[in-house]
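Structure at a glance
These are the residues of each chain, in order.
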Amino acid sequence: MNSNVRPIRERTPESEKITVNLGYVDLGRIDLMVQEGFYSNRTDFIRTAIRGQLARHSEEMSRSVERHMLELGVRDFTRTDLEAARDAGEILHVRVLGLARIAPDVAPELARATIGSLTVLGALQASAPVKAALADRLL
């Protein structure tokens, strides 16, 4: 085997793809804004509109995040983290607004033994077996 060959690290997406259905008139209006140079493309318009709405409700969002005791941003769970929780007899109740990632080397049994509940407002990245093991704990 060639010693210069190295495995390519799996790339984790930094965003989540969503689908939005729009009426023809709204879509035409967006296309006109793009054509007039206000936005570079439809996606740019939609992202800007979403960010504007989120900024408009930022105070309410902050209060809600605090009230629901959500961790904001990216929360990673490594095998070492979960083994330490298991060894300490801890059961984790995870609440994330953003992205929760469970490392690929975490066994479904370990995840099930350490994660009592999982609430993710955003996206959860975990192997299919781990997601299946936690399916009844997703809130």
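Figured I'd write up the structure that's included with this text. (Residues numbered from 1 in each chain as written. Predicted model: local features only at pLDDT ≥ 70, side-chain atom pairs only at ≥ 80, totals over all residues. Heavy atoms only, no water.)

**What to know about the overall build of the protein chain**
- The secondary structure content of the protein chain amounts to six helices and three strands.
- Counting from the amino terminus, the protein chain carries its helices and strands in the arrangement α-α-α-β-α-β-α-β-α.
- In terms of its C-alpha atoms, the protein chain occupies a principal-axis envelope of roughly 60 × 55 × 20 Å.
- Burial analysis of the protein chain (139 residues in total) assigns 21% to the buried set. (Helix = DSSP H or I, 4+ residues; strand = E, 2+ residues; numbered from the N terminus. Buried < 20%, exposed > 50% of the residue type's maximum accessible area, 1.4 Å probe, protein only.)

**A look at a nonpolar patch on the surface**
- A surface patch of nonpolar side chains, about 530 Å² in accessible area, is lined by Ile-18, Val-20, Leu-22, Ile-50, Leu-54 and Met-61.
- When you line up the elements, Ile-18 lands in the segment before α1 (24-35). (Patch = residues over 30% accessible without salt bridge, like charges linked within 9 Å, V, L, I, M, F, W, Y side chains within 5 Å. Areas by Shrake-Rupley, 256 points an atom, 1.4 Å probe, with all protein chains shown as cover. Salt bridge = Lys/Arg side-chain N within 4 Å of Asp/Glu carboxyl O.)

**Describing the environment of Ala-113**
- Take Ala-113: it is sitting in helix α5 (residues 108-114).
- For Ala-113, a relative accessible area of 38% corresponds to the partly exposed category.
- Along the sequence, Ala-113 and Glu-90 sit 23 residues apart, while their C-alpha atoms lie 9.3 Å from each other.

**Points about the environment of Pro-108**
- The topology assignment puts Pro-108 in helix α5.
- Along the backbone, Pro-108 and Pro-129 are 21 residues apart, and their C-alpha atoms lie at a distance of 6.0 Å.
- With residues up to four places along the chain from it excluded, the contact list for Pro-108 reads Pro-129, Val-130 and Ala-133. (Contact = heavy atoms within 4.5 Å.)

**Quick word on the side chain of Arg-137**
- Structurally, the position occupied by Arg-137 is in the segment after α6 (128-134).
- In terms of polar contacts, Arg-137 uses its side chain to reach the backbone carbonyl oxygen of Ile-115, at 2.8 Å.
- Excluding anything up to four places from it in sequence, Arg-137 contacts Arg-112, Ile-115, Gly-116, Ser-117 and Leu-118. (Polar contact = N/O pair within 3.5 Å; in protein donor to acceptor, adjacent residues only side chain to side chain.)

**Topic: the pairing of strand β3 (residues 115-125)**
- Pairing between strand β2 (residues 92-102) and β3: ten bridges, direction parallel. The residue of β3 that forms the bridge with Leu-97 is Leu-121.
- The parallel pair β2 and β3, bridged by α5, forms a crossover whose chirality is right-handed. (Pairing = 2+ DSSP bridges. Right-handed = clockwise from strand over helix to strand, strands pointing away.)

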